Amino acid sequence: GQYPEDEMIERLKKEVALWEEADPETPVLPAIHYIAVTAQNTPQPDGKYRLRMPDSQIDIALNLAERVGGIVFLDIQVGLSDIQEELPLLEKYLKLRNVHLGIDPEFYMKTGAKPGTVIGTMDADDVNYATEYLARLVNEYNLPPKILVIHRFTKNMLRNYKNIEIRPETQIVIHMDGWGSPQLKFNTYKTVIYPEPVQFTGFKLFYRHDTLPPSTHMLSPKEILELLPRPIYIQYQ
């Protein structure tokens with residue numbers, strides 16, 4: 001991350017306090033969101049344009065979450081790989097009670113294009129594979145429901161949303177991942193997230209990119225809570 005661990009933890013605690021103040025009726029659970037598989041602009045030895053983080057780095061994310069009494073999201077950017085290949089490699093972490101999953105369609109390159117050259121896409125079948133996999137872990141290890149966060153800021157990033165299967169063992173969050181001015185982010189939420197609901201929604205905030213001109217500020221909890229549906233997952237980067 002950009003900040004030393006202690007500073008990042010203090011920033012997280014500060015944001016938790018702001019949300020507790022803005023919405024006292026909703027419990028706030030801190031989390032560490034770590035990209036365990038990152039898309040690359042070089043092919044790697046197998047040509048898949050993705051890099052898997054070593055266990056030693058993932059363990060740091062788990063330790064950080066423990067410091068704040070929180071949970072962990074392990075995120076996957078598959079590049080030219082796919083969710084069927086990458087997800088099972090994280091099972092030893094996902095079978096833990098406090099570890100959940102994120103998938104980033106932006107870097108799901110079904111066309112074979114290099115990550116970063118075009119925006120990727122996921123289909124409902126990919127989501128259903130992930131939730132079925134998580135549901136098996138929940139049942140096999142007697143776990144609480146697993147959360148699946150799916151990042152989205154364009155319509156084509158997620159296709160055939162009506163075919164996404166809802167399971168009692170999983171909770172799906174469609175997460176508004178775009179950056180920019182408050183008005184731009186609100187418009188993205190209303191045009192991309194609102195019209196195609198699945199279960200829950202999320203909203204991402206960028207400390208730097210959301211404050212670049214012409215933007216004047218990063219959105220506050222109070223402003224975000226005015227959205228309908230109300231985002232239940234908030235991510236800071």
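You'll find the structure just up there.
Residues numbered from 1 in each chain as written. Predicted model: local features only at pLDDT ≥ 70, side-chain atom pairs only at ≥ 80, totals over all residues. Heavy atoms only, no water.

1. Notes on helix α2 (residues 55–67)
And then number 1: Compared with the 18 Å implied by 1.5 Å per residue over 13 residues, the 19 Å span of α2 between its first and last C-alpha is a close match.
And then number 2: Of the positions making up α2, those classed as buried are Ile-58, Ala-61, Leu-62, Leu-64 and Ala-65. Across the axial projection of α2, the buried residues extend over an arc of 160°, all falling on one side.
And then number 3: Contact partners of the buried residues in α2: α1 (5–22), β1 (31–39), β3 (71–76), α4 (91–94) and β4 (99–103).
And then number 4: Where α2 terminates, the next one or two residues include Gly-69, which has phi positive at roughly 65°. (Helix = DSSP H or I, 4+ residues; strand = E, 2+ residues; numbered from the N terminus. Expected span 1.5 Å × (residues − 1). Buried < 20%, exposed > 50% of the residue type's maximum accessible area, 1.4 Å probe, protein only. Arc of directions from axis to C-beta. Contact = heavy atoms within 4.5 Å.)

2. What to know about the packing of α1 against α2
And then number 1: Two numbers describe how α1 lies on α2: the axes approach to 11 Å, and their chain directions differ by 45°. Taken together, the axis directions place α1 and α2 in an arrangement best described as oblique. At the point where α1 passes α2, the crossing takes the right-handed sense. Contacts between α1 and α2 pair Glu-5, Asp-6, Met-8 and Ile-9 from the former with Ile-60, Leu-64 and Arg-67 from the latter.
And then number 2: In terms of residue class, the contact of α1 with α2 is built from four nonpolar, no polar and three charged. (Axes fitted to C-alpha atoms, helices over the stretch in contact; angles between N-to-C directions. Parallel < 35°, antiparallel > 145°, perpendicular 65-115°, else oblique. Left-handed = near helix turned anticlockwise from the far one by under 90°. Nonpolar A, V, L, I, M, F, W, Y, C, P; charged D, E, K, R; others polar.)

3. Some points on the environment of Trp-179
And then number 1: Among the secondary structure elements, Trp-179 is positioned in the loop between β8 (170–176) and α6 (182–193).
And then number 2: For Trp-179, the residues in contact, after removing those within four places along its chain, are Leu-184, Lys-185, Phe-206, His-209, Asp-210 and Leu-212.

4. Some words on the packing of aromatic side chains
Each pair of aromatic rings is reported with the distance of its centres and the angle of its planes.
And then number 1: Enumeration according to the criterion identifies four aromatic pairs in this entry.
And then number 2: Here the aromatic rings of Tyr-129 and Tyr-133 are separated by 6.1 Å at their centres, their planes lie at 45°, and the arrangement is tilted. Of this pair, Tyr-129 and Tyr-133 both sit in helix α5 (residues 124–141), four residues apart, which is roughly one turn of that helix.
And then number 3: Residue Tyr-133 is classed as buried on the basis of its relative accessible area of 10%.
And then number 4: When the ring centre of Tyr-3 is taken as origin, the NZ or CZ atom of Arg-11, which lies over that ring, is 4.0 Å away.
And then number 5: Seen from the ring of Tyr-207, Arg-11 lies directly overhead, with NZ or CZ sitting 4.9 Å from the centre. (Phe/Tyr/Trp six-rings, centres within 6.5 Å; stacked < 30°, edge-to-face > 60°. Lys NZ or Arg CZ within 6 Å of the ring centre and 35° of its normal.)

5. Section: the pairing of strand β6 (residues 146–152)
And then number 1: Counting buried positions along β6 gives seven out of seven residues, so the element sits mostly inside the fold.
And then number 2: Strand direction decides the pairing type here: β4 and β6, joined by three bridges, are parallel. Looking at β6, one finds that Gly-102 is bridged to Val-149.
And then number 3: Taken together, the seven bridges between β6 and β8 define a ladder with parallel strand orientation. Paired with Leu-148 across the two strands is Ile-172, which belongs to β8. (Pairing = 2+ DSSP bridges.)

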